[in-house]
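Each chain, written out:
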Amino acid sequence: MANKKIILFLLVLFFVIPVLGITQEQFDLSELTKILGETADNNTGNPVFSSGDINGDGYDDILISANENDDGGAGAGAVYLIYGQAAEISDLTLSAATAIQFTGEAADDDAGVSISSGDINGDGYDDILIGADFNDGNGLNSGAAYLIYGQAADLADITLSAATTVKFTGEAAADYAGGSVSLDGDVNCDG
């Protein structure tokens, strides 16, 4: 439902408002919460994903990609998880101190180039899938995707790897696995 609200907001913002002749000066965005990237050139917010409810507390959570983040090496990438809450979220700058941070495994992995969520194991908690299309696990740019299971307890900051997540890798060099990921729907119709 939250994804539909975001899509509706974007449709109104980019199509309805211009048709009605409302200018940027008349549409004041200064009242909205601002979430800023950790540093310049992190490519923060491309993409942003309304992730459903990762911890089962009844509030939708937000995943924000920064696929050029350098915390795990130059261009390793990162994804930030901000838990939803009853209170309004204040302006913030993303970091491990303000959000849960999932850091790319190695330099140039591009972790966070794609993100998705959904309850893949049917336990009532949405799970997170993070793509890293330049990961070199099975050859140059074979790519990878990392699955992180949702749970009631808060998740911790981690470096993405086979030791901390379920890792899916491309078979060979230039497969770019993880370039696009999705956890939408019941793919094998088992309920």
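Residues numbered from 1 in each chain as written. Predicted model: local features only at pLDDT ≥ 70, side-chain atom pairs only at ≥ 80, totals over all residues. Heavy atoms only, no water.

Engineer: Mind showing me how you'd approach the pairing of strand β6 (residues 100-103) here?
Structural biologist: Here is the key point about a regular strand: its side chains alternate between the two faces of the sheet. Here β6 shows two buried faces, one formed by I100 and F102 and the other by Q101 and T103. Sheet analysis places strand β4 (residues 78-82) next to β6, joined by four bridges and oriented antiparallel. Each bridged residue has a counterpart across the sheet, and for A78 the counterpart in β6 is T103. Sheet topology note: the β6/strand β10 (residues 158-159) ladder contains two bridges and is parallel. Looking at the pairing, T103 lines up with T159 of β10. (Buried < 20%, exposed > 50% of the residue type's maximum accessible area, 1.4 Å probe, protein only. Helix = DSSP H or I, 4+ residues; strand = E, 2+ residues; numbered from the N terminus. Pairing = 2+ DSSP bridges.)

Engineer: What should I look at first to understand the sheet that holds β10 in this one?
Structural biologist: Within a sheet, neighbouring strands are paired by backbone hydrogen bonds and run either parallel or antiparallel to one another. Reading across the sheet, the five strands line up as β2-β3-β4-β6-β10 and stay open at both edges, with mixed pairing between neighbours. What marks the edges here is a single partner per strand, and that holds for β2 (44-52) and β10. Two elements, β2 and strand β3 (residues 61-66), share five bridges in a ladder whose sense is antiparallel. Looking at β3, one finds that T44 is bridged to A66.

Engineer: Just to check I follow, could you spell out the nonpolar core for this structure?
Structural biologist: In this structure, L81, F102, I128, I130, I148, L155 and L160 are the most contacted members of the largest nonpolar core, which totals 19 residues. Every residue in contact with L160, bar those within four places of it in the chain, is listed here: F102, T103, G104, E105, A111, I130, Y146, I148 and T165. Membership of the second largest hydrophobic core comes to seven residues, among which are I64, A66, Y80 and A99. (Core = buried A, V, L, I, M, F, W, Y, C linked by side-chain atoms within 4.5 Å. Contact = heavy atoms within 4.5 Å.)

Engineer: Is there a simple way to explain the confidence of the model for the chain in this structure?
Structural biologist: Atomic detail in the predicted coordinates should be set aside for any region of low pLDDT. Mean pLDDT over the chain stands at 85; residues scoring 70 or higher make up 82%. Overall, residues 1-7 carries pLDDT values under 50, and its contacts beyond four positions in sequence, including any with other chains, amount to five contacts. (pLDDT = per-residue confidence, 0-100.)

Engineer: Sorry if this is basic, but what is going on with the sheet that holds strand β8 (residues 127-132) here?
Structural biologist: Sheet architecture is open: four strands sit in the order β7-β8-β9-β11, paired in antiparallel fashion. Strands with a single pairing partner mark the edges of an open sheet, and in this sheet they are β7 (114-118) and β11 (166-169). Within this sheet the neighbouring strands show an average axis-to-axis angle of 20°, counted without direction. Pairing geometry for strand β9 (residues 144-148) and β11, over four bridges, is antiparallel. The residue bridging L147 from the neighbouring strand is V166, located in β11. (Axes fitted to C-alpha atoms, helices over the stretch in contact; angles between N-to-C directions.)

Engineer: Please clarify how a nonpolar patch on the surface should be interpreted in this entry.
Structural biologist: On the surface, a nonpolar cluster with roughly 360 Å² of combined accessible area is contributed by I120, Y149, V166 and F168. Along the polypeptide, I120 turns up in the loop between β7 and β8. (Patch = residues over 30% accessible without salt bridge, like charges linked within 9 Å, V, L, I, M, F, W, Y side chains within 5 Å. Areas by Shrake-Rupley, 256 points an atom, 1.4 Å probe, with all protein chains shown as cover. Salt bridge = Lys/Arg side-chain N within 4 Å of Asp/Glu carboxyl O.)

Engineer: Just to check I follow, could you spell out the environment of I100 for this structure?
Structural biologist: Positionally, I100 belongs in strand β6. Residues within four places of I100 in sequence aside, it is in contact with V79, Y80, L81, Y83, L155, A156 and D157.

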